[in-house]
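Coordinate analysis (summary)
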Amino acid sequence: MRKLLTGAFALVLIAALCGYGFWTLQRPEGHYLSDLRIELALNQGVPGEHGNLLGVEPLLYPVDYQNLTRLHRKLSAYLQQARDQGLINSRTVVVLPEHIGTWLWARGEKRELYQVTQRREAWQWLELSNPLRYGLAMLSASGDDRRSDAHLRMKAAQMAADYQQLFGNLAREFGVTLVAGSIVLPAPYVQDGVLRAGNGPLFNSSLVFAGDGSLLGQPQHQQYPDSENRRYIHDGSAHPLQVLQTPAGRLGVLVGSDGWYPGNYQQLARQSVELIANPAFLSGKHSWQTPWRGNRHQAQSNGLALQRGQVSEQSAWQQLTLAGAAGITSMSVFMRGQFWELGSDGQGFASQAGTLWVGNPSQGARLLNLWL
């Protein structure tokens, strides 16, 4: 009898494990409706032969990341509307917001992950649906937030491939230079024209695609991660800023809060930079007018002209960028949308010849255009 019970229990356990394994492989997709409208919030200057900086502030949600087709449809619709308004040509440099690639960790997951309202619930669905990958990623995770590290590390290879496919195709489809926001990957590098995830610490990095869809240069790491991400994103200051030749001029990229620090602009100026793209992300709904958070965890913040709480987020971002750029043409572009309970805010702006250009405020998706 004991052997019979043991055998029966083993069969039930095997059936349960097989059922769970089969369940983890199921990825049904739900209904999808999305607003593809976008407003031209800033259109400064006169069209000419030198090209333009075109910022795209998309309105994105978790469901947009369920598959690449959805995300491509939305971003290409925005760019098509810009093309219809005469804002795209072979010398256009398109700038997308920070972390637009990071949310690719949510691609291809169970329907419930996109329907819950809290990130912790989404993380639980991610872990339950990928038990083996998550367990292995936890073994190699590092930093003060090993859970967030593991989430990104377990999806890193897929994210890198998706990022290159999506944004390379968009650059080629519209024939533009594309600053593809940023993506968090472990020790990313470009080899033989392919973006690859390494085995080292996580970096918040931006990549630039040429008009033929190829990658330009190496990943540009964020030099000084902000306070919210420093627990799992590594400091990139050991990797120098680079300047890339584009049809519109010599381009540099400052990721997120790197746009606050004068030393970064000086480093780019020594390389004869002409254009600076600043993909940015500001968490918190309606946070644009709240007191500036600064970055008390970075020693470089002590040398900034502003102190935490002294002015609003809007004033700090604009003042520090205008002072740092010192005549260099630049554009800052913010992510819009809602990722579970994490809202976002920020209104993109541009600077040219020491003048700040701010677009009309709005809550939807926005285009910002600056003719060079």
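Residues numbered from 1 in each chain as written. Predicted model: local features only at pLDDT ≥ 70, side-chain atom pairs only at ≥ 80, totals over all residues. Heavy atoms only, no water.

1. A closer look at the sheet that holds strand E13 (residues 275–280)
To be explicit about the condition: In this analysis, strands are considered paired if DSSP registers two or more bridges between them. Runs of H or I in DSSP of at least four residues are treated as helices and runs of E of at least two as strands, each being numbered from the N terminus. Angles run from 0 to 180 degrees between N-to-C directions of axes, and those axes are lines fitted to C-alpha atoms, restricted for helices to the stretch in contact. By definition in these notes, contact holds between two residues if any of their heavy atoms fall within 4.5 Å.
With mixed pairing, 6 strands are arranged side by side in an open sheet as E11-E12-E13-E15-E18-E19. With partners counted over all chains shown, the strands left at the sheet margins are strand E11 (243–246) and strand E19 (355–358), one partner each. Across the sheet, the mean angle separating the axes of adjacent strands is 20° when strand polarity is ignored. Of the strand pairs in this sheet, E11 and strand E12 (residues 249–253) are connected by 4 bridges, and their pairing is antiparallel. Each bridged residue has a counterpart across the sheet, and for threonine 246 the counterpart in E12 is glycine 249. Contacts from helix H9 (residues 313–325) reach E13, strand E15 (329–334), strand E18 (349–352) and E19 within the one sheet, and its direction differs from that of E18 by about 25°.

2. Topic: the packing of aromatic side chains
In this description, an aromatic ring pair is defined by two values, namely the gap between the centres and the angle between the planes. Defined as follows: Pairing of aromatic rings covers Phe, Tyr and Trp, the last through its six-membered ring, and needs centres within 6.5 Å; plane angles under 30 degrees mean stacked, over 60 mean edge-to-face, and all others mean tilted. Burial classes: relative accessible area under 20% of the type maximum marks a residue as buried, over 50% as exposed, and values in between as partly exposed (1.4 Å probe, protein chains only).
In total, this model carries 12 aromatic pairs according to the counting rule given. Centre to centre, the rings of tryptophan 105 and tryptophan 340 are 5.7 Å apart; their planes meet at 25°, and the pair counts as stacked. Of this pair, tryptophan 105 sits in the loop between strand E4 (92–95) and helix H3 (111–115) while tryptophan 340 sits in the loop between strand E16 (336–339) and strand E17 (342–345), and the two are 235 residues apart along the sequence. Per residue, the accessibility class of tryptophan 105 equals that of tryptophan 340, and both read buried. Ring centres 6.1 Å apart and planes at 45° place the aromatic pair tyrosine 163 and phenylalanine 209 in the tilted group. Linking tyrosine 163 in helix H7 (residues 156–174) with phenylalanine 209 in strand E9 (residues 202–209), this pair joins segments that are 46 residues apart in sequence. Taken individually, tyrosine 163 and phenylalanine 209 each receive the classification buried, so the pair is uniform in this respect. Joined through ring pairs, the aromatic side chains of Tyr224, Trp260, Tyr261, Trp288, Trp292, Trp317 and Phe334 make up one cluster.

3. Let's talk about the pattern of salt bridges
Side chains bearing opposite charge may pair, as long as their charged atoms lie close to each other. The test is simple: Salt bridge, as used here, is a side-chain nitrogen of Lys or Arg placed within 4 Å of a carboxyl oxygen of Asp or Glu.
Evaluated as defined, the whole model comprises 11 salt bridges. Residues arginine 336 and glutamate 57 are paired through a salt bridge, measuring 3.8 Å at the closest nitrogen-oxygen approach. A residue pair is termed long-range when its members are at least 10 positions apart, and arginine 336 in strand E16 and glutamate 57 in strand E2 (residues 52–57) qualify at 279 residues. With respect to class, arginine 336 is no different from glutamate 57; both count as buried. Aspartate 162 is paired through a salt bridge with arginine 107; the nearest N and O atoms lie 2.8 Å apart. In this pair, aspartate 162 is assigned in helix H7 and arginine 107 in the loop between E4 and H3, connecting sequence segments 55 residues apart. For arginine 107, a relative accessible area of 24% puts it in the partly exposed group. Residues joined by salt bridges that share partners form a network here, namely Glu57, Arg336 and Arg366.

4. Thoughts on the UniProt feature "domain: CN hydrolase" (unreviewed entry) in the protein chain
Threshold: UniProt positions are given in the numbering used here, feature names are shortened, and annotations may be inferred rather than shown by experiment.
UniProt records the feature "domain: CN hydrolase" (unreviewed entry) for residues 72–292 in the present numbering. End C-alpha atoms of residues 72–292 are separated by 34 Å, and the span's content is 34% helix alongside 22% strand.

5. Describing H9
Filter applied, for reference: To estimate how far a helix should reach, multiply one less than its number of residues by 1.5 Å.
Look at H9: 18 Å from first C-alpha to last across 13 residues, which is about the 18 Å you get at 1.5 Å a residue. Within H9, the full set of buried residues consists of Glu313, Ala316, Trp317, Gln318, Leu320, Thr321, Gly324 and Ala325. Looking at the packing, one finds that the buried side of H9 touches helix H8 (262–269), E13, strand E14 (282–283), E15, E18 and E19. Positive phi shows up at alanine 326, right after H9, with a value of about 45°.

6. Description of the packing of helix H4 (residues 119–129) against helix H6 (residues 146–154)
The test is simple: The scheme is simple: roughly parallel for angles under 35 degrees, roughly antiparallel for over 145, roughly perpendicular for 65 to 115, oblique for anything else. For a crossing to be left-handed, the near helix must be turned anticlockwise from the far one by less than a right angle; the clockwise case is right-handed. Note that Gly is not counted as nonpolar here; it falls among the polar residues with everything else outside the nonpolar set of Ala, Val, Leu, Ile, Met, Phe, Trp, Tyr, Cys and Pro and the charged set of Asp, Glu, Lys and Arg.
Relative to each other, H4 and H6 sit at 50°, their axes nearing to 12 Å. Regarding the angle of H4 to H6, the classification is oblique. Between H4 and H6 lies a crossing of left-handed hand. Along its contact with H4, which presents Arg120, Trp123, Gln124, Leu126 and Glu127, the element H6 presents Arg147, Ser148, His151 and Met154. Classifying every residue of the contact of H4 with H6 gives 3 nonpolar, 3 polar and 3 charged.

7. As for the environment of threonine 355
Take threonine 355: it is sitting in strand E19. By relative accessible area, which is 33% here, threonine 355 ends up partly exposed. Along the backbone, threonine 355 and leucine 132 are 223 residues apart, and their C-alpha atoms lie at a distance of 53 Å. Ignoring sequence-local partners within four residues, the contact set of threonine 355 consists of Leu322 and Ala350.

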